[in-house]
Amino acid sequence: MGNRIRLNLQGLDRVGPKTASEVVVMMREVMGPLVTQAGKTLVITLGSHRGDLNLDFDSTTDTRAAGVCTGHGVSILGEDAGESVFVRAHRDLRVCGPVDPKTRRKDTRKILTAFWLLGPALGNTGIHELGHFIADLQHVNDPGNFMSTMGPALDQRTMATQREFWAGKKTFNDEQKKKLVKQIGEGKWLLDITFGP
Ligand SMILES: [Zn+2]
């Protein structure tokens, strides 16, 4: 591993070039400074080989069995602490707010309908999984944090709040950053079983 941390992103060839580019830029912007702080250089690669860190953008797994406007948990969007980000689950995210008293229907429009929404949302989920994998970061309640799991409350779900939660800009707090930088510096991933105690 040496002084370089190779982050390999697999499966982005299937999401389209614009969406893929959004994901790559985000990985560089968020993970790059953490790797630099750890005294190393981040190298992002694409393809079917393995890096020191790996994310697989899985366009195959069909999560629609979870149903429209049910579930909606982050658990179906990625493999928690694993390497998979489920692309179809993201494409299928819907507003799913409260029932409109006039129409007696829920708003079931999809929310991540453009590359500049889908790309950041896939990036947010990927970084969430890396947070678990690298430093065993726990879930938090702050919706602006990468480790957040809860989207807007049911009665506050609108196209705007849902897009903001899934595709909006998120951050790690100082304590999380410190843990990530420490692990990156040591090159040991806390949830990687090959490094287990
Ligand atoms: Zn999680």
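Residues numbered from 1 in each chain as written. Predicted model: local features only at pLDDT ≥ 70, side-chain atom pairs only at ≥ 80, totals over all residues. Heavy atoms only, no water.

We now examine the overall build of the protein. Summing up its helical and strand segments, the protein has five helices and four strands in all. Start at the N end of the protein and walk to the C end: the helices and strands fall as β-α-β-β-β-α-α-α-α. For 197 residues, the compact-globule estimate of 2.2 N^0.38 gives 16 Å, and the protein sits close to it at 17 Å. Each of the three principal axes of the protein carries a C-alpha extent, and together these read 60 × 35 × 30 Å. Counting the 197 residues in the protein, one finds 47% classified as buried. Put simply, of all contacts in the protein between residues at least 6 apart along the chain, 73% involve residues at least 24 apart. Of the roughly 10300 Å² of accessible surface on the protein, 53% is carried by carbon and sulfur atoms. (Helix = DSSP H or I, 4+ residues; strand = E, 2+ residues; numbered from the N terminus. Rg over C-alpha atoms; globule rule 2.2 N^0.38 Å. Buried < 20%, exposed > 50% of the residue type's maximum accessible area, 1.4 Å probe, protein only. Contact = heavy atoms within 4.5 Å. Areas by Shrake-Rupley, 256 points an atom, 1.4 Å probe, with all protein chains shown as cover.)

With that settled, the discussion passes to the packing of helix H1 (residues 17-37) against helix H3 (residues 115-135). One can describe the packing of H1 onto H3 by two numbers: an axis separation of 8 Å at closest approach and a directional angle of 40°. Judged by the inter-axis angle, H1 sits oblique to H3. Viewed along their axes, H1 and H3 form a crossing whose handedness is right-handed. When H1 is examined against H3, the residues Lys18, Thr19, Glu22, Val23, Met26, Met27, Val30 and Met31 are found in contact with a partner set consisting of Phe115, Trp116, Leu118, Gly119, Pro120, Leu122, Gly123, Asn124, Gly126, Ile127, Leu130 and Ile134. Along the lines of polarity and charge, the residues of the contact of H1 with H3 split into 13 nonpolar, five polar and two charged. (Axes fitted to C-alpha atoms, helices over the stretch in contact; angles between N-to-C directions. Parallel < 35°, antiparallel > 145°, perpendicular 65-115°, else oblique. Left-handed = near helix turned anticlockwise from the far one by under 90°. Nonpolar A, V, L, I, M, F, W, Y, C, P; charged D, E, K, R; others polar.)

With respect to the helices and strands, valine 85 occurs in strand E4 (residues 84-86). Sequence separation between valine 85 and glutamate 129 is 44 residues; the distance between their C-alpha atoms is 8.2 Å. With near-sequence residues (within four places) excluded, valine 85 lies in contact with Leu55, Asp56, Phe57, Asp58, Leu77, Gly78, His90, Leu122, Thr125 and Gly126.

Across six bridges, strand E1 (residues 4-10) lies against strand E2 (residues 41-46) in parallel orientation. Of the residues in E2, the one forming a bridge with isoleucine 5 is leucine 42. Traced from E1 through H1 to E2, the parallel crossover comes out right-handed. (Pairing = 2+ DSSP bridges. Right-handed = clockwise from strand over helix to strand, strands pointing away.)

Turning our eyes to something else, we now look at the side chain of asparagine 145. Relative to the helices and strands, asparagine 145 resides in the loop between H3 and helix H4 (159-167). Classification of asparagine 145 by relative accessible area gives buried; the value is 2%. A distance of 3.5 Å separates the side chain of asparagine 145 from the backbone oxygen of threonine 171, its partner in a polar contact. Dropping the residues within four chain positions of it, asparagine 145 is found in contact with Val140, Lys170, Thr171, Phe172, Asn173 and Gln176. (Polar contact = N/O pair within 3.5 Å; in protein donor to acceptor, adjacent residues only side chain to side chain.)

Before going further, it helps to examine the confidence of the model for the protein. Mean pLDDT over the protein works out to 89, with 90% of the residues at or above the 70 mark. Per-residue pLDDT stays below 50 along residues 71-75; that stretch engages in eight contacts with residues further than four places along the chain or on separate chains. (pLDDT = per-residue confidence, 0-100.)

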